[in-house]
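A look at the structure
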Amino acid sequence: MSPRYQEIYESIRGQILTGEYQAGDELPPETALMEQWQVSRGPIRQALYNLRTEGLIYTTRGRPARVRRPHQPTQTLSSFTPFSQWAVTTGREPGNHTLSVARTRCSAEIADALQISEDDFIVEIVRLRTLDGSPALLERSRFTTDVGSSLFDFDPDIGSITDHLTDHGVQFASMRHELDAVAADSVDADALQIDTGAPLLRERRTSFDPQGRPFEYSDDRYRPDQVTFSIMNSMAAEK
């Protein structure tokens, strides 16, 4: 199941691209969109942020968002596609199995990524993600306590963490992605049903709020026989 903000974003995006909303048209106010979609303000603002980042709308203080002049939109890294949604779009069946949810102190690496002290606590969720029933990804997500504390009242096996957090007012304004290869440790090997030392694709992802403060640092390790990464670059023509 895709996050609610993603559904809202894709619906409004489709209305803009098909011409239902023309350049200069105002979108409904946030309160009207909240009522229409039966969600809180968080998912609406996240959806509008993604539309604004893509260049489809612009906002003015005190006024509803307006549609920009039509152009060909491009996919950006700020439009993050969650694992489950990506799996469904590729015709595969995603699955989740939560291994642990804990409040713990952070390592030096995590403290540096989240710009906090090593004495500070974090909320860590470790999940095994599957594709068609086969282990594909071991996900270690670490959150600052002010963001992650609500996750103790949430079941990550049956819902989207991203959707849950945006519904609680968290804004995913930007993300930094680092890709490399690592050897599977004993925890990776046991969860992913591979040999210790087997090669894994690793994505380290840091999420930032609109003020530029990092609040999530995730270490995701993929079996390369299950998942590959494709990166597409585009360059606008000079004018």
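See above for the structure.
How each quantity is defined
Residues numbered from 1 in each chain as written. Predicted model: local features only at pLDDT ≥ 70, side-chain atom pairs only at ≥ 80, totals over all residues. Heavy atoms only, no water. Helix = DSSP H or I, 4+ residues; strand = E, 2+ residues; numbered from the N terminus. Buried < 20%, exposed > 50% of the residue type's maximum accessible area, 1.4 Å probe, protein only. Contact = heavy atoms within 4.5 Å. Areas by Shrake-Rupley, 256 points an atom, 1.4 Å probe, with all protein chains shown as cover.

Within the protein chain one finds eight helices and eight strands. When each of the 239 residues of the protein chain is scored for burial, the buried share is 46%. If you take every contact in the protein chain between residues at least 6 apart in sequence, the share linking residues at least 24 apart comes to 59%. Approximately 12900 Å² of the protein chain is accessible, and the part contributed by carbon and sulfur atoms is 47%.

Moving on, we come to unusual backbone geometry. The phi dihedral of Gln-38 falls on the positive side, at around 55 degrees, and the residue is not glycine. Within the fold, Gln-38 resides in the loop between helix H2 (30-37) and helix H3 (41-53). Classification of Gln-38 as exposed rests on a relative accessible area of 67%. With a phi angle near 55 degrees, Asp-132 is a residue other than glycine that sits in the positive phi range. Along the chain, the position of Asp-132 falls in the loop between strand S4 (121-131) and strand S5 (134-144).

What follows concerns the environment of Ala-113. Inspection of the secondary structure assignment puts Ala-113 in helix H5 (residues 108-114). Given a relative accessible area of 12%, Ala-113 falls into the buried group. In the structure, Ala-113 is positioned 105 residues away from Ser-218 in sequence and 9.8 Å away in space, judged by C-alpha atoms. For Ala-113, the contacting residues outside a window of four places in its chain are Thr-206, Pro-214 and Tyr-217.

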